[in-house]
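A look at the structure
The residues making up each chain are set out below.
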Amino acid sequence: MDACRVCRSEKHTGVYYGAFVCSGCKVFFMRTVVAGIGFVCHAGGICANPQDIIKCRACRFGKCGQVGMRADLVGIRANRRYNDTGAGALGDANSPEQPSTSRDTNSSDNGQPTAVVPYFDRSYTSIYLQDSFTRSPPVGLSFTALLRDGLKEPIRLAERLFALEMYCNFDAGSLHLDDEEPCFTYAVSLADAVTNPMAVCLRTPAFYKTSRSPRSTLDYARIFHRSAVYYLDWVAACPEIHIMSPRDQLTLIGPKMSTMHFCTIAYNTFKYKVDGYLLPDGYVFETGKCWDPYVTSMIALLKSSVLPLMEKLRLSGQEFCILKQIIMYTGNIDLSEDGRTIVNAARKKYEQLLVFYVEEVYGLLDTEEKLLRVRLLLELKNALVAGGLIEFEHVRKEIEASVRKNLCTVSPCLVYDMHFGKF
């Protein structure tokens, strides 16, 4: 029998409120959310082993959030329907907002994420934060073996995908390097960057909310390079890509950069409740204060077709990560026959995973409501793909103009390879 993700008990375990836990942790989580209780750990929040976590209510509740238990699923039996009033998909427009305990929304008082590298059990603790500064292989390779057999366990696979997202995001507010001299270079090929992302730039925290807005070409360069490393780290953990030929890998990876850039911007803008556009490396374009006409148009796109769907769904980090996988394998790419076969199979696999995940997590919804949620998630996927295509075409035009002005080289050049590369 599988063990509870919080306390490691094997008694009366099952999927409750979005995670695989025991009935004791289920009841503890439910009562804490309903009562709105706040706990303090007298050991400074360092309780780690199951015995200490059970004794410390603060760390036990925090662990519930870490493993994916969701406060918005508490009380779902009493209020299950989607509505058209603009309220969240699983809530009433007049009901008080429930506190979020999900790992993807934990933050400190200054708006910065408190999570560092999430883990789920001892098998994941081989991944360490400091490795990113001392060694150069793609971080995602550590996850590849864990993803291969995931369809048998939709909840755990979603957890692993979300762990990867958090790792690539490098959610560590104490490691900001804003005062450091930026160190990055365009003069690296996509093939070399895939092998060693840190040849592009260092891994600094990617998405976090500040009051800074881009003011110069240097700022935009920092944004691009951090986004590229974020993406390359994520790509390294996609097992389907590893079985492609080298040519197919680069052909798929290059054009998808812009789409994934837009997806992560959209999700983190929603996640941190930014009124505007949250860019990598802590830059923010606020609505009404943006001097860039293109970004102003993208903010309007987000507000009209993307954010309303995320808010209606109360999109979880796990659902977003599954959608990212589907998006990665959506669209016509100039691949070999074997490459197309792999891509089509991957897309179907993750679409199936999305259905299984909704079935497991939203077990209290009836069949019609589950199908509605899947349909809305796929509608959101289409909106993200459309935004990514706009981003891709915009960047292509910018690169073409830069090449004409001799401001951008053709080779080796990462940004050129990602938008014009032929492999």
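Residues numbered from 1 in each chain as written. Predicted model: local features only at pLDDT ≥ 70, side-chain atom pairs only at ≥ 80, totals over all residues. Heavy atoms only, no water.

**Side note on the packing of aromatic side chains**
In the structure shown here, the tally under the stated rule is 11 aromatic pairs. Centre to centre, the rings of F28 and F61 are 6.5 Å apart; their planes meet at 75°, and the pair counts as edge-to-face. A residue pair is termed long-range when its members are at least 10 positions apart, and F28 in helix α1 (residues 23–35) and F61 in helix α3 (residues 57–66) qualify at 33 residues. When its relative accessible area of 12% is taken as the criterion, F28 is described as buried. Judged by centre distance (5.1 Å) and plane angle (25°), the rings of Y416 and F420 are stacked. Taken together, the residues span about one helical turn, with Y416 and F420 both in helix α15 (residues 414–420) at a distance of 4 residues. F420 sits in the buried class, given a relative accessible area of 19%. An aromatic cluster of three or more residues is present, and its members are Y17, F28, F29 and F61. A cation over a ring is seen here: R60 above F28, with NZ or CZ 4.6 Å from the ring centre. Positioned above the aromatic ring of Y283 is the side chain of R212, whose terminal nitrogen or guanidinium carbon lies 4.4 Å from the ring centre. (Phe/Tyr/Trp six-rings, centres within 6.5 Å; stacked < 30°, edge-to-face > 60°. Helix = DSSP H or I, 4+ residues; strand = E, 2+ residues; numbered from the N terminus. Buried < 20%, exposed > 50% of the residue type's maximum accessible area, 1.4 Å probe, protein only. Lys NZ or Arg CZ within 6 Å of the ring centre and 35° of its normal.)

**Re the environment of A345**
Among the structural elements, A345 can be located in helix α13 (residues 337–361). As a C-alpha pair, A345 and E240 span 105 residues in sequence and 9.0 Å in three-dimensional space.

**Considerations on the pattern of salt bridges**
Within this structure, the stated rule accounts for 11 salt bridges. The partner of E286 in a salt bridge is K289, and the shortest N-O contact between them spans 3.3 Å. A relative accessible area of 32% places E286 in the partly exposed class. Owing to a relative accessible area of 61%, K289 belongs among the exposed residues under this scheme. A salt bridge links R375 to E379; the shortest N-O distance between them is 3.5 Å. Of this pair, R375 and E379 both sit in helix α14 (residues 367–404), 4 residues apart, which is roughly one turn of that helix. Classification of R375 by relative accessible area gives partly exposed; the value is 48%. One network of salt bridges, in which partners are shared, links R247, D248 and D334. (Salt bridge = Lys/Arg side-chain N within 4 Å of Asp/Glu carboxyl O.)

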